[in-house]
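# Close look at the chain arrangement
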Amino acid sequence: MNFRPRAKEAPEINLIPFIDVLLVILIFLMLSTTYSKFTEMQLTLPTADVEQMRDRPKEIIVSVGADGRYAVNRSALEGKNVESVAAALSDAAKAGKESVIIISADASSPHQAVVTVMEAARRVGLSQITFATQTSASAGK
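Residues numbered from 1 in each chain as written. Predicted model: local features only at pLDDT ≥ 70, side-chain atom pairs only at ≥ 80, totals over all residues. Heavy atoms only, no water.

### Describing the overall build of the protein chain
What the protein chain contains, in helices and strands, is five helices and five strands. Listing each helix as α and each strand as β along the protein chain from the N terminus yields α-α-β-β-β-α-β-α-β-α. For the protein chain, the residues scored as buried account for 20% of the 141 residues in total. Approximately 11700 Å² of the protein chain is accessible, and the part contributed by carbon and sulfur atoms is 60%. (Helix = DSSP H or I, 4+ residues; strand = E, 2+ residues; numbered from the N terminus. Buried < 20%, exposed > 50% of the residue type's maximum accessible area, 1.4 Å probe, protein only. Areas by Shrake-Rupley, 256 points an atom, 1.4 Å probe, with all protein chains shown as cover.)

Given below as structure tokens:
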């Protein structure tokens, strides 16, 4: 019989699998953060500077009434034809070709009245046109 005490072997920690797992996690984190940059939308948010909002030389607001009458920057027009609207738009376009036309038409205004404003803008050479709307919550007020 062998009664001599055995020498206890010290537990050995193998670091190679541990390093492999850490490298895989590191690579995964590097790739996922790199791709997240491409999926984000680049936005330029508007500011709420009151003084800046008062002076808008690039905007031309064209109002179209329910009966087909026009107003350019709150001044009513006499005629309802394309030529009178085009003349008013060319006078109001202080920024030239970079002016933005905002068409604010009544919900019951004729479709032809809005098309007339768009045709007048084309004749003057203004191509940036947008439409003003309101939310359904504020429509009942």
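### Some remarks on helix H3 (residues 82-92)
The periodicity of an α-helix, 3.6 residues per turn, causes residues three or four places apart in sequence to face the same way. Every buried residue of H3 is accounted for by Val82, Val85, Ala86, Ala88, Leu89 and Ala92. Seen end-on, H3 carries its buried residues on one side only, within an arc spanning 165°. Close packing links the buried residues of H3 with strand E1 (59-64), strand E2 (70-72), strand E4 (100-105) and helix H4 (111-124). (Arc of directions from axis to C-beta. Contact = heavy atoms within 4.5 Å.)

### Quick look at the sheet that holds strand E5 (residues 128-131)
Strand order in the open sheet formed by five strands is E3-E2-E1-E4-E5, with mixed pairing between adjacent strands. The sheet terminates laterally at strand E3 (75-76) and E5, the two strands that pair on one side only. Helix-sheet contacts for H3 involve E1, E2 and E4, and the interaxial angle to E2 is about 15°. Here H4 sits on the sheet in contact with E1, E2, E4 and E5, set at roughly 170° to E4. (Pairing = 2+ DSSP bridges. Axes fitted to C-alpha atoms, helices over the stretch in contact; angles between N-to-C directions.)

### Let's talk about the side chain of serine 109
Along the chain, serine 109 falls in the loop between E4 and H4. A polar atom in the side chain of serine 109 sits 2.8 Å from the backbone oxygen of aspartate 106. Residue contacts for serine 109: discarding those within four places in its chain leaves Val64, Gly65, Ala66 and Val114. (Polar contact = N/O pair within 3.5 Å; in protein donor to acceptor, adjacent residues only side chain to side chain.)

### Digging into the pattern of salt bridges
Applying the stated criterion across every chain yields a total of five salt bridges. A salt bridge links glutamate 119 to arginine 122, with the shortest nitrogen-to-oxygen separation between them at 2.5 Å. Note that glutamate 119 and arginine 122 are positioned in helix H4 at a spacing of three residues, about one turn of the helix. The class of arginine 122 is exposed, set by a relative accessible area of 54%. Across the pair arginine 123 and glutamate 119 runs a salt bridge whose closest N-O atoms are separated by 3.2 Å. Of the two residues, arginine 123 and glutamate 119 both sit in helix H4, four residues apart, roughly one turn of that helix. Exposure remark for arginine 123: the relative accessible area of 45% places this residue in the partly exposed category. We classify glutamate 119 as partly exposed; its relative accessible area is 25%. Residues participating in the shared-partner salt-bridge network are Glu83, Glu119, Arg122 and Arg123. (Salt bridge = Lys/Arg side-chain N within 4 Å of Asp/Glu carboxyl O.)

Interpretation in functional terms is not warranted from these geometric data alone.
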